[in-house]
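# Summary of the model geometry
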2 protein chains.
Amino acid sequence: MSSLTELAEKVGVSPATVSIVLNNRPLAKRVSAKTREKILVLAQEMNYRPNHMALAMQRQTTQTIAFICGRLNSPFYAELADDLAIAAEKHGYRLMVQMTCWDTGKELEALEMIASRIVDGIVLFSGAFPEQADKIRGLYSSKWPLVVLEQRDEQDISSVNFDIESGMRDLFGYLLSRGFKSVAMADDRRFLPKQNAYRKACEKWSITPEFFDFQYWNSESIEQCARQIALERPEALVIASDYAAAHIISVLGKCGVRIPHDISIASIDGTRWSELYNPPLSAVCQNTQKMAEAAIDEIIRRKANPETLPRNIVIPTELRILNSIASKQNNIQ
Amino acid sequence: MSSLTELAEKVGVSPATVSIVLNNRPLAKRVSAKTREKILVLAQEMNYRPNHMALAMQRQTTQTIAFICGRLNSPFYAELADDLAIAAEKHGYRLMVQMTCWDTGKELEALEMIASRIVDGIVLFSGAFPEQADKIRGLYSSKWPLVVLEQRDEQDISSVNFDIESGMRDLFGYLLSRGFKSVAMADDRRFLPKQNAYRKACEKWSITPEFFDFQYWNSESIEQCARQIALERPEALVIASDYAAAHIISVLGKCGVRIPHDISIASIDGTRWSELYNPPLSAVCQNTQKMAEAAIDEIIRRKANPETLPRNIVIPTELRILNSIASKQNNIQ
DNA sequence: GTGAAAGCGCTAACAC
DNA sequence: GTGTTAGCGCTTTCAC
């Protein structure tokens, strides 16, 4: 409404003077006390607020970081967004959320936000990164502050990943030490990192992999998967995400399968709300706060110094044991 | 990187011409075909993207709406943010998330985003609205596109509310018709609307209110509340939010209290993930999608026409019955 | 057919 | 002590 220039006119000085006073620049000392007073008072009265659009233009920065992801409606992404917002704020940035509904076209479109200077940097959780990695690489001189999450093997783009293999080993180690003889897995076949970690662990301990397939964002398939699990009753089961775990366990419950009495279950994610599940979920915890902080730090580092090499950051996972895993009687070492 | 002016220089025409061509304005027809071609080609080659900061300044709009809330880390707020982002996008707007950690100072600060033209409008979910309503009213000529959620009785500010009283009546009606004789409630004493709805319903059916108190964002208090519930074992219990319900039920589970066998439970919210809880939660559903759409519509309406009166929109609730309520044998009408 | 100029709100460099 | 100027990138009006 009221601009700095208007204010200057009312006070009867130049815009420059007003700017210097309001921002308390060194030069402000050379402005006479009464002029300063007048400016301050009138700014208050007119309810003056600096215009962010003009500031952004002048400073060539929006102080905003975008988080691009599929949807926010599952706890993992919600907590990640939450942590990103907190981390961004610590550095004086705001968070913009851009959802793609896992549509690759929308993903590419959303990435334009940085080229068109809507945001200063982007944290990307891609649904289909491998397929479009080259496009993104082409689009991005790799000078832009872009960080991809959960995409290994992208040396030339900054990334933050969880050390899922080590997490899976921890889980297997725990289960086997407690007397479990086998571990099954439920995951979406299309996404490899967690599956691969599972298979590696199976190999290490000479366990025959047992795999239950479902598709994310497809209730029907998850329910069917749960019914299959109810039939086969693996003694221990690791489920690829908290959200899928919740869905599967709730279906198992309707089928009369009790957790952990009938099946011991661990999930991957370990969101804060999964501690509140019934029963509280054991999990290979992916600490979203650490991921968020690392991602924001990296964005800011690359914004400040675009010439440095991209970093590939790995966040350790932590094993969290709660009630969803049975304590076996015959504790065989 | 590459500006329209640069582009113009390279092509050898004026910025105005380039602008007209790239935006395909009516005047573009009067630009010679080869000039047009040259501009288009070079724009492509130089990877030209319109600079959003300059556009925002020129058009006096950021095409961004802010969602101010405490945190995103509970499902209700996450789903609301998700729905708001979708609704905003339908109208060509982006969503910025500003979290306040329920701090009233931060809330007021966040509201400045609209005066400083960081965003075009604000959807506010306040933790302490009544106390600061006057400040907000003062701050806002009530001309800004501001919508508050879940704050009844604010005639002079646009608001969107759920019809919780009607929802509570539906729930009582259902429970009593199924043979339940009483309904208890667990809520945070400091927040009144849901409690009031509960008490009104109790009055209507001449039921003695039985109230279990807890404090949001205080695990200790929620666990203590759950233990109290485990002791007193009300036959039916309504819990003020999905998040609290999850927490309480998970503690009850550890105490050996089975749902719905020992206690029948309904929550308020009915988020999509509460359907995936174990057991799936019966709920008075607050449809966040409808709330989000109404809020965004109202923001846009007021932005387009600031002189019109603020609206107070009421969204109906829906009763959802799932497994967390026992089916009684003696079905007394 | 195309260009020049002004303006959106602010700041920084330099002038007096 | 304070003002002037130029410029951030774009659009629009009017002139030629």
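My aim in this report is to walk through the structure given alongside it, one point at a time. The residue numbers shown here count from 1 along each chain, following its written sequence. Key to labels: chains lettered from A, ligands numbered from 1, both in the order written. Since the coordinates come from a predicted model, pLDDT governs what is reported: local features require at least 70, and pairs of side-chain atoms require 80 or more to be given and counted, while whole-chain, interface and lining totals use all residues. Derived side-chain values reflect all non-hydrogen atoms in the structure, with water molecules and hydrogen atoms excluded from consideration.

### Details of the packing of helix α1 (residues 4-11) of chain A against helix α3 (residues 33-45) of chain A
Residue and element names in this part refer to chain A. Rules: Think of each axis as a best-fit line through the C-alpha atoms, taken over the contacting stretch in the case of a helix, with angles from 0 to 180 degrees between the N-to-C directions. A run of H or I in DSSP counts as a helix once it spans at least four residues, and a run of E counts as a strand once it spans at least two, with each numbered from the N terminus. Under this scheme an angle from 65 to 115 degrees is roughly perpendicular, one under 35 degrees roughly parallel, and one over 145 degrees roughly antiparallel; angles in between are oblique. When the near helix sits turned anticlockwise from the far one by under a right angle, the crossing is termed left-handed; a clockwise turn instead gives a right-handed crossing. The criterion used for residue contact is that any of the two residues' heavy atoms lie within 4.5 Å. Residue classes follow a fixed rule: Ala, Val, Leu, Ile, Met, Phe, Trp, Tyr, Cys and Pro count as nonpolar, while Asp, Glu, Lys and Arg count as charged, and any other residue, Gly among them, counts as polar.
Remark: α1 packs on α3, axes separated minimally by 10 Å, with the N-to-C direction vectors making an angle of 125 degrees. In terms of axis orientation, α1 runs oblique to α3. The way α1 lies across α3 gives a crossing that is right-handed. In contact with L7, K10 and V11 of α1, α3 contributes K38, I39, L42 and A43. In the contact of α1 with α3, the residues fall into five nonpolar, no polar and two charged.

### Considerations on the pattern of salt bridges
So the rule is basically this: By convention in these notes, a salt bridge is any Lys or Arg side-chain nitrogen within 4 Å of a carboxyl oxygen on Asp or Glu. When a residue's accessible area, from a 1.4 Å probe over protein chains only, is under 20% of the maximum for its type it is buried; when over 50% it is exposed; and in between it is partly exposed.
In this structure the tally under the stated criterion is 29 salt bridges over all chains. Of the charged contacts, one joins B:K106 and A:E89 as a salt bridge, the two residues approaching to 3.7 Å between their closest N and O atoms. One end of the pair, B:K106, is in helix α6 (residues 104-115); the other, A:E89, is in helix α5 (residues 75-90), on a second chain. For B:K106, a relative accessible area of 31% corresponds to the partly exposed category. Notably, a salt bridge pairs B:R190 with B:D188, separated by 2.6 Å at the nearest N-O pair. Judged by relative accessible area, which is 48%, B:R190 ranks as partly exposed. Looking at B:D188, the relative accessible area reads 1%, which means it is buried.

### Some thoughts on the pairing of strand β8 (residues 236-239) of chain A
All names here are of chain A. We apply this condition: Here, strands pair whenever DSSP counts at least two bridges between them. By convention a crossover is right-handed if, when the strands point away from the viewer, the path from the first strand over the helix to the second runs clockwise.
Here β8 shows a buried face lined by A236 and V238 and a second buried face lined by L237 and I239. Pairing geometry for strand β6 (residues 184-188) and β8, over three bridges, is parallel. Within the sheet, the bridge partner assigned to A186 lies in β8 and is I239. For β8 and strand β9 (residues 264-269), the ladder comprises four bridges, and the chain directions are parallel. Paired with A236 across the strands is S264, a residue of β9. After leaving β8, the chain enters helix α11 (residues 242-254) and then returns to the sheet as β9, a path that is right-handed.

### Focus on the sheet that holds strand β10 (residues 282-285) of chain A
Residue and element names in this part refer to chain A. Pairing is mixed across the open sheet formed by six strands, whose spatial order is β7-β6-β8-β9-β10-β12. Strand pairing shows two members of the sheet lacking a second neighbour, β7 (210-214) and β12 (318-320), which therefore form its edges. In this sheet, neighbouring strand axes are inclined to one another by 20 degrees on average, regardless of whether the strands run parallel or antiparallel.

### Re the interface of chain A and chain B
Selection rule: Reported buried area values correspond to the accessible surface (1.4 Å probe) lost by two parts on association, with both partners' losses combined. Under this definition, polar contacts are N or O atom pairs within 3.5 Å; protein pairs additionally need one hydrogen-donor-capable and one acceptor-capable atom, and for neighbouring residues in sequence, both atoms have to be side-chain atoms.
At the interface, 56 residues of chain A touch 56 residues of chain B. Carbon and sulfur atoms supply 62% of the area that chain A and chain B bury against each other, a total of about 4800 Å² over both sides. Three residues, A:M53, A:L276 and A:N278, lead the burial of chain A against chain B; their summed loss comes to 16% of the area buried on that side. Taken together, the links from chain A to chain B amount to six salt bridges. At the boundary of chain A and chain B, one finds 15 residue pairs in polar contact (both at pLDDT 80 or more). Counting only elements with at least two residues in the side of chain A that touches chain B, the list comes to α4 (52-59), α5, β2 (94-99), α6 (104-115) and α11 of chain A.

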